[in-house]
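Here is how the chains run, residue by residue.
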Amino acid sequence: MQYFHSVFSDTLTATTAFDAYDLVDFNDAKITADDAPVKAVALNPATPGLDVAGMMIGRTRLRARGAIAKGDKLISAAAGGVKTASGASVNVFARALTAAADGEFVAVFVFVK
């Protein structure tokens, strides 16, 4: 089950196709790289040219790529979803509110900078 509680959202004009809860970059495209700058979490699926809401501050569940501990700082994962930030990560955009194993869902607090 997916859910979200958006505190602040903005409009995204999709430049690539993406699904609801995909991470979106500052070109309004689906993120497909580790530690990429995150603009928002898409709240709706979109095709290029479609305007949809993107959550910039709030709570949601995202797919864990690798084990995640409660409280971990999170970055984008190339396979979609999130992974724990390393010391060299520069694009932290969320905090884990729950723990999750690889492939499970983790509750996160999103705070796009």
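Residues numbered from 1 in each chain as written. Predicted model: local features only at pLDDT ≥ 70, side-chain atom pairs only at ≥ 80, totals over all residues. Heavy atoms only, no water.

Visitor: Just checking my understanding: could you explain the packing of aromatic side chains for this structure?
Guide: Two aromatic rings, taken as a pair, are described by how far apart their centres are and by the angle between their planes. Considering all chains together, one arrives at two aromatic pairs under this definition. One Lys or Arg, R63, reaches over the ring of F105 and ends 4.1 Å from the middle of that ring. (Phe/Tyr/Trp six-rings, centres within 6.5 Å; stacked < 30°, edge-to-face > 60°. Lys NZ or Arg CZ within 6 Å of the ring centre and 35° of its normal.)

Visitor: Help me understand the pairing of strand β5 (residues 73–76) in this model?
Guide: For β5 and strand β7 (residues 94–96), the ladder comprises two bridges, and the chain directions are antiparallel. Looking at β7, one finds that L74 is bridged to A94. When β5 meets strand β6 (residues 82–84), the two strands line up antiparallel, connected through three bridges. Each bridged residue has a counterpart across the sheet, and for I75 the counterpart in β6 is K83. Connecting β5 to the antiparallel partner β6 that follows it, the hairpin turn spans five residues, and G80 within it adopts a positive phi of roughly 90 degrees. (Pairing = 2+ DSSP bridges. Helix = DSSP H or I, 4+ residues; strand = E, 2+ residues; numbered from the N terminus.)

Visitor: Sorry if this is basic, but what is going on with the environment of E104 here?
Guide: By the element assignment, E104 lies in the loop between β7 and β8 (105–111). Since its relative accessible area comes to 43%, E104 is described here as partly exposed. Sequence separation between E104 and L62 is 42 residues; the distance between their C-alpha atoms is 8.4 Å. Excluding its chain neighbours within four sequence positions, the residues that come into contact with E104 are L62, R63 and A64. A distance of 3.0 Å separates a polar side-chain atom of E104 from the backbone nitrogen of A101. (Buried < 20%, exposed > 50% of the residue type's maximum accessible area, 1.4 Å probe, protein only. Contact = heavy atoms within 4.5 Å. Polar contact = N/O pair within 3.5 Å; in protein donor to acceptor, adjacent residues only side chain to side chain.)

Visitor: It is not clear to me how the pattern of salt bridges should be interpreted in this structure. Could you clarify?
Guide: Between side chains of opposite charge, pairing is possible as soon as their charged atoms come close. Taken as a whole, this structure holds three salt bridges when the rule is applied. Among the ionic pairs, K39 bridges to D28, the shortest N-O distance being 2.8 Å. With a gap of eleven residues between them, K39 in the loop between β2 (23–24) and β3 (40–42) and D28 in the loop between β2 and β3 connect regions that are remote in the sequence. Each member of the pair, K39 together with D28, is buried. Here D34 and K83 are joined by a salt bridge, their closest N and O atoms 2.9 Å apart. With D34 in the loop between β2 and β3 and K83 in strand β6, this pair connects stretches of sequence that are 49 residues apart. (Salt bridge = Lys/Arg side-chain N within 4 Å of Asp/Glu carboxyl O.)

Visitor: I tried to follow the environment of A100 on my own but got confused; where do I start?
Guide: With respect to the helices and strands, the residue A100 is situated in the loop between β7 and β8. Accessibility expressed as a relative area gives 6% for A100, which makes it buried. Placed 34 residues apart in sequence, A100 and G66 show a C-alpha to C-alpha distance of 8.3 Å. If we ignore the near neighbours within four places in the chain, the residues touching A100 are A64, G66, A67, I68, F105 and V106.

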